[in-house]
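So you can see what is in the structure, the chains are spelled out below.
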Amino acid sequence: MMKRTAWPIFGIILLGYPLIFSTPFQQRLGALVLLSAIGASAWNIVGGYAGLISVGHAVFFGCGAYGALASYKYLGLPPIGGLPIGVVVSIGIAAIVGVPTLRLSGHYFSMATIAVAELVRLVVSNIDWLGGAQGLSGPPVPRTPLDLSFISALPYYYLFLGVLTIVLAVTRQMERGRIGYYLRAIHDSERAARSLGAPVSRYKLYAYMMSAALTAVAGALYAVMFGFVDPESGLGILISVKMVMMAALGGAGLLLGPLMGAVILVPLEELSNSLLGGIAPGVTFMVYGAIIVVIARLQPAGLLRPILGALRERSDKVVRRPC
Amino acid sequence: MFSTLIQVIAGGLLLGAVYALFSSGLTLIWGMMNVINFAHGDFVMLGMYVAFVVWSVMGGGPAAAVPIAALALASLGVVCYFVLIRHIMRGPMLAQILGTFGLALLLRYSAFWYFGTSFRTLPETLVGGTLLIGPIRVESSRLLAGVVALIVTACLHLILTRTALGSRMLAVAEDATAAELMGIRPDRMQAIAWALAAAATGVAGALIANFFYVAPSVGETLAIVAFVTVSLGGFGSVPGALAAGLLIGIIESVSAYAIGAIYKDIVVYALFVLALWLRPVGLMGKA
């Protein structure tokens, strides 16, 4: 999808960003973009490639975040040490939830995922040992470097960049492998895929579990950076919707679509918050909402697709030069 | 004990009727255009604010607020249809989520910006007092809401199934191209559907405002209730939305009474997931 030469340039931009834009605000912004991109890319596996629009991925994000902070609170581990716990729980929940809900088609699936996410949010709000409505906190002062508690956002930036690279590599591998073909076939027509003998249900569940695991990673990283999670910030419907919006805005089902969506949406939110937040609270999200509406209206398939199309057309022209 | 239970069920039925009303708007556009409207709860929120403004500006009660909210929201619905929905409805489902959620944010934060975050309530004297119907005590504001909601939902159903307009709308829902060849304008029918759906949310909002707090964020909660109601009832089915709304109202109030108010939503969502598992197309949906 992208020419070989484009990758190193792309990598250098991502590696160099926090060194060029080196104010704390810009570095923090960069880290937040990457963190959101991790979540949205994880969502993309099931939502973009397989076309199963989950609006309940906050459950898995919450598993990661709560896993990290609960294992600090009860086992004394550094929060990042709770990541495997969060991932395992997340995969378990995906398996339990996936079996009944993945049978549902289209909108029904989306609605069921919303309901499950709200269910989990409400249950967690009432569980005392998970902090109830108050939530959980991380170590107030870093005990060891492993607590990954930094004042600067720079270490987080590179940590998140590394994880995002892994997530994208996994996605790329999947895209090219058997499972990628199955998922796209399911997306195009589940019935056709099934009639041609594709093990549809099994692969949908695999994709769902993989997506859940990676989303939990995003949640754990969130908890490591912010050192805090409560039902709203870890399991709220906005978490799920933001993943969907980023992927949709950039281009769902494209490797770099979610990253592009994050590059647009996160700065939009943070900038308008810092510019307008003081003057007129509320206007921030009015602008944010209006811009999303305009993009959905003008580019319903996401912003990345037309760009890729234009690039492809140009390279086609070069190849098809008359001889 | 027994009379308390009847009391609780009656309360649930009245609440459920209002759920049914604003969900029937959602199910109408969902069934007709296959569009998920994430801004639906915020339409209801605006209807509530209309009732608040009608009261605070001219001291009017529901008799004034309901028609004004219906008209205001219907106009908003038509505007939204022509500016946004028409262009995204043929696109992928993700574009619909993106567009309507953007719209939701726009509406929610416009209200936030204009009215502030504080919770507002209408004075209880507006629709005052409680009534005794046999052994059951009901607040008259809830009774009014439930009864009007039932009537409006029934009218919506009759419009869809018994009038020429309804047949045209269903024809467009079935096959827009074929309908166009028969001389029906799909655009106009879909705009009317949006107007009707939005008017239903306006009426619901204006009614709910009499016994519920008004705040910009209230739409989010209501949207989830509407989603659950519509998918439980089956997309596109007004009777389904009615049955599901009443059912959810009863389950909510009975479980709030039996195991505690904080668990009522948990019970509703759990039963919803279970119901979808057992019957994947909702109670009255077509496969």
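In this text, all values refer to a predicted model and were calculated from it rather than measured experimentally.

Conventions adopted
Residues numbered from 1 in each chain as written. Chains lettered and ligands numbered in written order. Predicted model: local features only at pLDDT ≥ 70, side-chain atom pairs only at ≥ 80, totals over all residues. Heavy atoms only, no water. Helix = DSSP H or I, 4+ residues; strand = E, 2+ residues; numbered from the N terminus. Rg over C-alpha atoms; globule rule 2.2 N^0.38 Å. Core = buried A, V, L, I, M, F, W, Y, C linked by side-chain atoms within 4.5 Å. Buried < 20%, exposed > 50% of the residue type's maximum accessible area, 1.4 Å probe, protein only. 1 Å grid on protein atoms, 1.4 Å probe; cavity = no way out; pocket = protein on both sides within 12 Å on 5 of 7 lines; lining within 4 Å. Points joined across faces, edges and corners; volume = space filled by probe spheres on them. Nonpolar A, V, L, I, M, F, W, Y, C, P; charged D, E, K, R; others polar. Patch = residues over 30% accessible without salt bridge, like charges linked within 9 Å, V, L, I, M, F, W, Y side chains within 5 Å. Areas by Shrake-Rupley, 256 points an atom, 1.4 Å probe, with all protein chains shown as cover. Salt bridge = Lys/Arg side-chain N within 4 Å of Asp/Glu carboxyl O. Expected span 1.5 Å × (residues − 1). Pairing = 2+ DSSP bridges. Contact = heavy atoms within 4.5 Å. Buried area = accessible area lost by both parts, 1.4 Å probe. Polar contact = N/O pair within 3.5 Å; in protein donor to acceptor, adjacent residues only side chain to side chain. pLDDT = per-residue confidence, 0-100. Phe/Tyr/Trp six-rings, centres within 6.5 Å; stacked < 30°, edge-to-face > 60°.

1. Observations regarding the overall build of chain B
Within chain B, the regular secondary structure consists of 11 helices and two strands. Reading the helices (α) and strands (β) of chain B from amino to carboxyl end gives α-α-α-α-β-β-α-α-α-α-α-α-α. What you see for chain B is a C-alpha radius of gyration of 19 Å, in line with the 19 Å of a compact globule of 287 residues. C-alpha extents for chain B along the principal axes are approximately 60 × 50 × 35 Å.

2. With respect to unusual backbone geometry
Among all residues save glycine, negative phi is the norm, and among peptide bonds the norm is trans. For Leu148 of chain A, which is not glycine, the phi dihedral falls at a positive 50 degrees. Within the fold, Leu148 of chain A resides in the loop between β1 (136-137) and α6 (154-176).

3. Describing the nonpolar core
Membership of the largest hydrophobic core comes to 199 residues, with the highest contact counts inside it found for Phe160 of chain A together with Phe22, Met33 and Phe43 of chain B. Considering each element in turn, this core owes the most residues, 16 residues, to helix α9 (residues 200-226) of chain A.

4. Re empty space enclosed by the protein
Scanning the model with the defined rule gives three cavities of 30 Å³ or more in all. Counted as a void, the largest cavity has a volume near 90 Å³. Among the elements of the structure, α11 (237-250) of chain A together with α4 (93-115) and α9 (218-233) of chain B are those that each provide at least two residues to the lining of the largest cavity. By residue number, the principal contributor to the lining of the largest cavity is α9 of chain B, which donates four residues. Of the residues in the lining of the largest cavity, the class split is seven nonpolar, no polar and two charged. As a volume, the second largest cavity reaches approximately 40 Å³. In terms of lining, the second largest cavity is formed by Gly56, Val59, Phe60, Ile93, Val97, Thr113, Val116, Ala117 and Tyr208 of chain A. At the level of secondary structure, the elements contributing two or more residues to the lining of the second largest cavity comprise α3 (58-75), α4 (83-101) and α5 (106-125) of chain A. A total of three residues in the lining of the second largest cavity trace back to one element, the largest contributor, which is α5 of chain A. Of the residues contributing to the lining of the second largest cavity, the split by class is seven nonpolar, two polar and no charged.

5. Here's the deal with a nonpolar patch on the surface
Residues and elements named next belong to chain A. A cluster of nonpolar side chains, namely Tyr74, Leu75, Ile85, Val89 and Trp129, defines an oily patch on the protein surface of about 520 Å² accessible area. The residue Leu75 is located in helix α3 in this model. When its relative accessible area of 58% is taken as the criterion, Leu75 is described as exposed.

6. Thoughts on α4 of chain B
For α4 of chain B, with 23 residues, the first-to-last C-alpha span of 32 Å sits near the 33 Å given by 1.5 Å per residue. Directly beyond the C-terminal end of α4 of chain B, a positive phi value near 85 degrees is found at Gly116 of chain B.

7. Focus on the pairing of strand β1 (residues 130-133) of chain B
All names here are of chain B. Strand direction decides the pairing type here: β1 and strand β2 (residues 136-139), joined by four bridges, are antiparallel. Following the sheet pairing, Thr130 is matched in β2 by Glu139. If you look at the hairpin formed by β1 and β2, you'll find two residues sitting between the two strands, and Gly134 has a positive phi there, around 60 degrees.

8. Side note on the environment of Phe160 of chain A
All names here are of chain A. Mapped onto the secondary structure, Phe160 falls in helix α6. Remark: the alpha-carbon pair of Phe160 and Val33, spanning 127 residues in sequence, is separated by 9.3 Å. When residues no more than four places from it in sequence are discounted, the contact partners of Phe160 are Ala31, Leu34, Leu35, Ile38, Leu221 and Met225.

9. Notes on the interface of chain A and chain B
Contacts between the two partners involve 42 residues from chain A and, on the opposite side, 44 residues from chain B. Across the chain A to chain B interface the summed buried area is about 3900 Å²; carbon plus sulfur atoms make up 82%. Across the contact surface, chain A and chain B share zero salt bridges. Scanning the region where chain A abuts chain B turns up five residue pairs in polar contact (both at pLDDT 80 or more).

10. Digging into the pattern of salt bridges
Residue and element names in this part refer to chain A. Under the defined criterion, the tally for this structure stands at 12 salt bridges over all chains. A salt bridge links Arg172 to Glu175, with the shortest nitrogen-to-oxygen separation between them at 3.1 Å. Of this pair, Arg172 and Glu175 both sit in helix α6, separated by three residues, roughly a single helical turn. Given a relative accessible area of 21%, Arg172 falls into the partly exposed group. A relative accessible area of 12% places Glu175 in the buried class. Three or more residues are tied together by salt bridges with common partners; here these are Glu118, Arg121 and Glu232.

11. Topic: the confidence of the model for chain B
In this model, chain B carries an average pLDDT of 87, and 99% of its residues clear a pLDDT of 70 or more. The complex prediction reports pTM at 0.88, with the ipTM value standing at 0.83.

12. Digging into the environment of Ile45 of chain A
Residues and elements named next belong to chain A. Of note, Ile45 is situated in helix α2 (residues 24-49). For the pair Ile45 and Ser125, spaced 80 residues apart in the sequence, the C-alpha separation amounts to 29 Å. Setting aside residues up to four positions removed in sequence, Ile45 forms contacts with Ala50, Thr171, Met174, Leu183, Ala207, Met210, Ser211 and Leu214.

13. Here we look at the packing of aromatic side chains
Residue and element names in this part refer to chain B. Evaluation of the coordinates by the stated rule reveals 28 aromatic pairs over all chains. With a centroid separation of 6.0 Å and an interplanar angle of 75 degrees, the aromatic rings of Trp30 and Phe227 are classed as edge-to-face. You can see Trp30 sitting in helix α1 (residues 2-33) and its partner Phe227 sitting in helix α9, a full 197 residues away along the chain. There is no split in this pair, since Trp30 and Phe227 are both buried.

14. Here's the deal with the side chain of Thr201 of chain B
All names here are of chain B. Residue position: Thr201 is located in helix α8 (residues 186-208). By relative accessible area, which is 0% here, Thr201 ends up buried. Excluding residues that lie within four positions of it along the chain, Thr201 makes contacts with Phe22, His40, Phe43, Val44 and Leu73.

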